[in-house]
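Here are the chains, one letter per residue:
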Amino acid sequence: MINIQFYSLLRLLLKQEKFELASIGDDETIEQLLQRLQKQISTPFLQKLLDEQGEMFPGTIIMINRRNIHHLEKLETPIQDGDVVALFPPGAGG
Amino acid sequence: MPAAERYNRQILHWGKDRQQLLRAATALIAGVGGLGATVSQLLVRAGIGKLYLVDDGLVDWPDLNRQLLYNETDIGQPKLTIAKQRLQQINKDVTIEVLQKRIDQSFQPPADVSIIADCLDNYPSRFHLEASLETGSFLIHGGIEGDQGQVLTLQKGISQSLADIFTSAQQPQGDIPVTGSGATILSGFMVNEIFNTIFFQPQLLNRFLIVGLSDLHLAFLDV
């Protein structure tokens, strides 16, 4: 299973803190995983993360097993069974 | 006023040994605004040994909803001038040094700092602050935006860096929404973690505490 955790404003939007999806093999990317999740749930959320060209908006960090995907293969990072994905829009002010 | 009497209520809670640890600690507060003004005040009230305050701002009207050290009569004054004056009125036994500067790539923290509070309001300064620290230093990060905020403790050179964690989290355009209640709640969590860290028991080392103020949720995220 793949554990997908939502934090902060995304958690409020989805009214749920985590989802579990079965792995479909090693070829799936993080972007494909999130698209698959969106099809399964009633509330669209990808428009909060990606623009029309599929580029990430600044503001939300996506982590796989504690590492920001910008230090992996970004949205092309492959997902494997047992991975923990976290989506977190941090507060910027102080 | 003897310390035993002044700090009686908290010594009942954490004991004399921890009060001594607090007395021996030196903290640097980076940013004395919504978070930093309250963090510094609580540390001074608790009897920390020494504080360094770093900021380059002047008190302005939009600060007054949440920056608890400042009043209407302070508008236009350097924040650090006012902050030091108010903090010394609260507790003259605490040594307070001010560093009137913006934190950029030239920043170097004083050598005697034992713990650092990131109360800044922008990512570039946060990353410069972290980069300036010696290996092994404890950094307590706090951030708030609207009704969401987070606290995280990192140990320089051992934890992931803040810059690595927050890669792609760009600064929002314009003013950031912050309320007095939100800033005060996040400040309280920061100070609680500063105490824990001074007492050698950080609870948020490599672990975000994420605070949702509208639906009152707390969540952890390991990094």
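From a predicted model like this one, the values you see are computed outputs, not experimental measurements. Counting of residues starts from 1 at the beginning of each chain's written sequence and follows it residue by residue. Each chain takes a letter, starting from A, and each ligand takes a number, starting from 1, following the order in which they are written. Restriction of local features to residues with pLDDT of at least 70 applies here, the model being predicted, together with a cutoff of 80 or more for giving and counting side-chain atom pairs; totals for whole chains, interfaces and linings are based on all residues.

**Some words on the overall build of chain B**
No. 1: In this text, helices come from DSSP runs of H or I with a minimum length of four residues, and strands from runs of E with a minimum of two, each type numbered from the N-terminal end. In terms of regular secondary structure, chain B is built from eight helices and eight strands.
No. 2: Throughout, radius of gyration means the C-alpha value; the globule benchmark is 2.2 Å times the number of residues raised to the power 0.38. Here the C-alpha atoms of chain B give a radius of gyration of 17 Å, agreeing with the 17 Å that 2.2 N^0.38 yields for 223 residues.
No. 3: In terms of overall dimensions, chain B has a C-alpha envelope of 50 × 40 × 40 Å along the principal axes.
No. 4: Counting other C-beta atoms within 10 Å of a residue's own tells you its class, since 20 or more makes it buried, 12 or fewer makes it exposed, and anything in between is partly exposed; those C-beta atoms are placed from the backbone. Sorting the 223 residues of chain B into buried and exposed places 42% on the buried side.
No. 5: Whether two residues are in contact depends on their C-beta atoms, placed from the backbone: they are in contact if these lie within 7 Å. The contacts of chain B with a sequence gap of at least 6 include a subset with a gap of at least 24, amounting to 64%.

**Focus: the overall build of chain A**
No. 1: Along chain A, the regular secondary structure elements total two helices and five strands.
No. 2: The C-alpha radius of gyration of chain A comes to 13 Å, within 12% of the 12 Å expected for a compact globule of 94 residues.
No. 3: Counting every position in chain A, which comprises 94 residues, the buried fraction comes to 31%.
No. 4: Partitioning the contacts of chain A with sequence separation of at least 6, the portion at a separation of at least 24 is 56%.

**Here we look at the interface of chain B and chain A**
No. 1: Of the residues lining the interface, 35 residues belong to chain B; the matching set on chain A comes to 21 residues.
No. 2: Those elements that provide at least two residues to the side of chain B that touches chain A are β5 (138-145), β6 (148-155), α7 (162-165), β7 (207-212) and β8 (217-222) of chain B.
No. 3: The class makeup of the residues in the side of chain B that touches chain A is 15 nonpolar, 15 polar and five charged. Residues are grouped as follows: Ala, Val, Leu, Ile, Met, Phe, Trp, Tyr, Cys and Pro are nonpolar; Asp, Glu, Lys and Arg are charged; every other residue, Gly included, is polar.

**Considerations on helix α5 (residues 79-90) of chain B**
No. 1: For α5(B), built from twelve residues, the straight-helix expectation of 16 Å at 1.5 Å per residue is met to within 8% by its first-to-last C-alpha distance of 16 Å.
No. 2: Taken together, the buried residues of α5(B) touch α4 (36-46), β2 (50-55) and β3 (95-100) of chain B. Expected helix span is given by 1.5 Å per residue-to-residue step, counting one fewer step than there are residues.

**Brief notes about the sheet that holds strand β4 (residues 115-118) of chain B**
Residues and elements named next belong to chain B.
No. 1: Spatially, the eight strands line up as an open sheet ordered β3-β2-β1-β4-β5-β6-β7-β8, and their pairing is mixed. Each having just a single partner strand, β3 and β8 make up the two edges of the open sheet. Each strand axis lies, on average, 15 degrees off the axis of its neighbour in the sheet, ignoring direction.
No. 2: Pairing geometry for β4 and β5, over four bridges, is parallel. Bridge assignment links I115 to a residue of β5, and that residue is F138.
No. 3: Strands in contact with α5 are β2 and β3; relative to β3, the strand with the most contacts, it is inclined by about 175 degrees. We call two strands paired when DSSP finds no fewer than two bridges between them. Helix axes are fitted only over the stretch in contact, all axes being lines through C-alpha atoms; the angle between N-to-C directions runs from 0 to 180 degrees.

**Digging into the nonpolar core**
All names here are of chain B.
No. 1: Counting 79 residues, the largest nonpolar core has A27, I29, A30, A117, M190 and I194 as the members making the most contacts within it.
No. 2: By residue number, the principal contributor to this core is helix α8 (residues 180-198), which donates eight residues.
No. 3: Among all residues touching I29, those that are not within four sequence positions of it are G36, V39, S40, L51, Y52, L53, V54, A117 and C119. Throughout this description, the term nonpolar core refers to a group of buried Ala, Val, Leu, Ile, Met, Phe, Trp, Tyr and Cys residues whose C-beta atoms join them within 7 Å.

**Re the packing of α4(B) against α8(B)**
Residues and elements named next belong to chain B.
No. 1: It is at 8 Å that the axes of α4 and α8 come closest, and there the two elements cross at 45 degrees. Regarding the angle of α4 to α8, the classification is oblique. Judged by the twist between their axes, the crossing of α4 over α8 is right-handed. Residues T38, V39, L42 and L43 of α4 lie in contact with α8, whose contacting residues are A183, T184, S187, M190, V191 and I194.
No. 2: Here the contact of α4 with α8 is built from residues that sort into seven nonpolar, three polar and no charged. Should an angle fall under 35 degrees it is taken as roughly parallel, and over 145 as roughly antiparallel, whereas 65 to 115 is taken as roughly perpendicular and any remaining angle as oblique. Crossing handedness is defined as follows: a turn of the near helix away from the far one that is anticlockwise and smaller than a right angle gives a left-handed crossing, while the clockwise case is right-handed.

**Section: the confidence of the model for chain A**
No. 1: pLDDT expresses how confident the predictor is about each individual residue, on a scale running from 0 to 100. Here chain A shows a mean pLDDT of 92. Residues at 70 or above account for 100%.
No. 2: Taking the mean pLDDT of every element in chain A, the minimum, 88, falls on helix α1 (residues 9-14) of chain A and the maximum, 97, on strand β4 (residues 67-68) of chain A.

**Side note on the packing of α4(B) against α5(B)**
All names here are of chain B.
No. 1: As a packed pair, α4 and α5 sit with axes 9 Å apart at the nearest point and diverge in direction by 25 degrees. In terms of orientation, α4 lies roughly parallel with respect to α5. The two elements α4 and α5 cross, and the hand of that crossing is right-handed. Contacts from A37, S40, Q41, V44 and R45 of α4 reach α5 at A83, L87 and I90.
No. 2: Residue composition of the contact of α4 with α5, by class: five nonpolar, two polar and one charged.

**Digging into the sheet that holds strand β5 (residues 84-88) of chain A**
All names here are of chain A.
No. 1: Strand order in this open sheet of five strands is β2-β1-β5-β3-β4, and the pairing throughout is mixed. The open sheet terminates on both sides in strands that have one partner only, identified here as β2 (18-21) and β4.
No. 2: Of the strands in this sheet, β1 (2-6), β2, β3 (61-64) and β5 are in contact with helix α2 (residues 30-40), which crosses β2 at around 105 degrees.

**What about the pairing of β6(B)?**
All names here are of chain B.
No. 1: Extensive coverage of β6 is indicated by the burial of seven of its eight residues.
No. 2: When β5 meets β6, the two strands line up antiparallel, connected through eight bridges. Following the sheet pairing, I140 is matched in β6 by T153.
No. 3: Linking β5 back to β6 in an antiparallel pair, the connection comprises two residues, with G146 at a positive phi of about 65 degrees.

**Here we look at unusual backbone geometry**
All names here are of chain B.
No. 1: Positive phi, normally seen in glycine, also occurs at F200, with a value near 65 degrees.
No. 2: When you line up the elements, F200 lands in the loop between α8 and β7.
No. 3: A positive phi angle, near 60 degrees, is found at N206, a position not held by glycine.
No. 4: The residue N206 is located in the loop between α8 and β7 in this model.
No. 5: On the basis of neighbour count, N206 is assigned to the partly exposed category, with 17 C-beta atoms found within 10 Å.

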